Amino acid sequence: MALCFRGFLEVPEDDLYRFALASDDGSKLWLAGELVVDNDGLHGTVERQGAIALAQGLHPFELWWFNHTGDVALQLRWARP
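Residues numbered from 1 in each chain as written. Predicted model: local features only at pLDDT ≥ 70, side-chain atom pairs only at ≥ 80, totals over all residues. Heavy atoms only, no water.

Opposite charge on two side chains allows them to pair when their charged atoms are near. Under the criterion given, the structure shown has 5 salt bridges. Between Arg6 and Glu62 there is a salt bridge, and its shortest N-O distance comes to 2.9 Å. One end of the pair, Arg6, is in strand S1 (residues 2-11); the other, Glu62, is in strand S6 (residues 57-66), with 56 residues separating them in the sequence. One salt bridge connects Arg80 with Asp15, and the closest N-O pair in it is separated by 3.9 Å. Taken together, the residues span a long stretch of sequence, with Arg80 in the segment after strand S7 (73-79) and Asp15 in strand S2 (residues 15-24) at a distance of 65 residues. (Salt bridge = Lys/Arg side-chain N within 4 Å of Asp/Glu carboxyl O. Helix = DSSP H or I, 4+ residues; strand = E, 2+ residues; numbered from the N terminus.)

This next bit is on the sheet that holds S6. In space, the 4 strands of this open sheet follow the order S1-S6-S3-S4, with antiparallel pairing throughout. Both edges of this open sheet fall to S1 and strand S4 (34-39), since each of them pairs with a single strand only. The sheet shows a mean angle of 15° between the axes of neighbouring strands, taken without regard to direction. The pairing of S1 with S6 spans 10 bridges and is classified as antiparallel. (Pairing = 2+ DSSP bridges. Axes fitted to C-alpha atoms, helices over the stretch in contact; angles between N-to-C directions.)

So, in structure tokens, the structure goes:
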């Protein structure tokens, strides 16, 4: 099974934003065309983190996720430092 989510993230103000992506199996998060979190591969639920400076406004995102076998998990969190 594989999914691709596309949309826009509305950022309230200019700042450095942290992203945490947990998945079983692989996942990747791009913001404004930049790979921010790479959690690819065959594995149980694992969380990887990344950060990016973003200006206030809308930013395109793309989240890819796949599951090979076993458990299914996908969670995305974001926050300012």
